[in-house]
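# Observations on the three-dimensional arrangement
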Amino acid sequence: MASIETITLDVADPTAAAHFYSTAFGLDSQIRLRASDAPTTGFRGFTLSLTVSQPSTVNSLIESALDAGATTVKPAAKSLWGYGGVVQAPDGTIWKIATTAKKDTGIATRQIDDIVLLLGVADVTASKRFYVGQGLVVEKSFGRMYVEFAAGSSPVKLALYRRRALAKDAGVSPDGTGSHRLAIGGDGGPFTDPDGFAWEATAPSPAPAT
């Protein structure tokens, strides 16, 4: 089964970005960073989501992100599906921190249960068909609105959402041009999907010494 093995963000200053992600979210190995000055404006067509267990953990991660230099896009609030908020990292990446729980069941932690890469696509059905053809396995599907693929052993889940709906959920305009500033690594790459998201081949892990 194909799955995501790495996520690479193209940033202006990899050292500063690494410090932000470590300080804000405790992400040291899950996200890769590389230097890039590729032109980009507005919404880059994707968001990254951190799913956690309870509202106090949402608040803890958002607070540390803001302290590390993020800006508020959508303040944390209750909704029909749970509780969450959206921030933008200094490098421009949009992050949603959320939980399906509406009440705390214990003390606040910084434990992240899932990382989800949400791609905003023009046609969910066509993109779903494309990714199934690349070897990904559908785990959840809600018609033409949303598709989530099985993660397997990957630290990152992949999901597809209509671009305008994803931008609305994040609290930003759907308009944007230029580079996505994102590269997805997997054993099925390299290829580029119908919306211009690039996948790269990842080298297999070296065998352990005997």
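### Digging into the side chain of Thr47
On the secondary structure map, Thr47 appears in strand E4 (residues 46-51). Exposure remark for Thr47: the relative accessible area of 3% places this residue in the buried category. With residues near it in sequence (within four places) discarded, Thr47 still touches Ile94, Val116, Leu117, Leu118, Leu166 and Ala170.

### Considering the sheet that holds strand E5 (residues 71-78)
Pairing between sheet strands relies on hydrogen bonds along the backbone, with the strands arranged either parallel or antiparallel. Strand order in this open sheet of 8 strands is E5-E6-E7-E4-E8-E11-E10-E9, and the pairing throughout is mixed. Each having just a single partner strand, E5 and strand E9 (138-142) make up the two edges of the open sheet. Adjacent strand axes in the sheet meet at a mean angle of 15°, parallel and antiparallel pairs treated alike. Of the strand pairs in this sheet, E4 and strand E8 (residues 114-121) are connected by 6 bridges, and their pairing is antiparallel. Looking at the pairing, Thr51 lines up with Asp114 of E8. Most of the contacts of helix H2 (residues 55-67) go to strand E6 (residues 83-88), to which it runs at about 10°, and overall it touches E5, E6 and strand E7 (94-99).

### Some details on the layout of surface pockets
What the largest pocket holds in volume is close to 650 Å³. Mapped onto the lining of the largest pocket, the elements with two or more residues apiece are E4, E7, E8, E9, strand E10 (146-149) and strand E11 (156-162). Within the lining of the largest pocket, the residues separate by chemical class into 9 nonpolar, 4 polar and 6 charged.

### A short note on the nonpolar core
Counting residues in each nonpolar core, the largest one holds 44 residues, and the members touching the most others are Phe25, Trp95, Leu117 and Leu119. Per-element tally for this core: the top contributor is helix H1 (residues 14-25), with 5 residues. In this structure Phe25 touches Phe20, Leu50, Leu61, Ala65, Val87, Trp95, Ile97, Arg110 and Ile112, once residues within four positions along its chain are discounted. One finds Val86, Leu118, Ala167 and Ala170 within the second-largest nonpolar core, a separate group that totals 10 residues.

### Focus: the pattern of salt bridges
Any two side chains of opposite charge can pair if their charged atoms end up close together. Enumeration over the complete set of coordinates arrives at 4 salt bridges. The partner of Arg34 in a salt bridge is Asp10, and the shortest N-O contact between them spans 2.6 Å. One end of the pair, Arg34, is in strand E2 (residues 31-35); the other, Asp10, is in strand E1 (residues 4-11), with 24 residues separating them in the sequence. In this structure Arg34 comes out as partly exposed when scored by relative accessible area, which is 32%. For Asp10, a relative accessible area of 9% gives the class buried.

### Let's talk about the confidence of the model for the protein chain
Predicted coordinates in areas of low pLDDT are best not read in detail. Overall, the prediction assigns the protein chain a mean pLDDT of 93, with 96% of residues at 70 or greater. In the predicted structure, residues 205-210 sits below a pLDDT of 50 and forms 0 contacts with residues beyond four places in sequence or in another chain.

Basis of the calculations
- Residues numbered from 1 in each chain as written.
- Predicted model: local features only at pLDDT ≥ 70, side-chain atom pairs only at ≥ 80, totals over all residues.
- Heavy atoms only, no water.
- Helix = DSSP H or I, 4+ residues; strand = E, 2+ residues; numbered from the N terminus.
- Buried < 20%, exposed > 50% of the residue type's maximum accessible area, 1.4 Å probe, protein only.
- Contact = heavy atoms within 4.5 Å.
- Pairing = 2+ DSSP bridges.
- Axes fitted to C-alpha atoms, helices over the stretch in contact; angles between N-to-C directions.
- 1 Å grid on protein atoms, 1.4 Å probe; cavity = no way out; pocket = protein on both sides within 12 Å on 5 of 7 lines; lining within 4 Å.
- Points joined across faces, edges and corners; volume = space filled by probe spheres on them.
- Nonpolar A, V, L, I, M, F, W, Y, C, P; charged D, E, K, R; others polar.
- Core = buried A, V, L, I, M, F, W, Y, C linked by side-chain atoms within 4.5 Å.
- Salt bridge = Lys/Arg side-chain N within 4 Å of Asp/Glu carboxyl O.
- pLDDT = per-residue confidence, 0-100.

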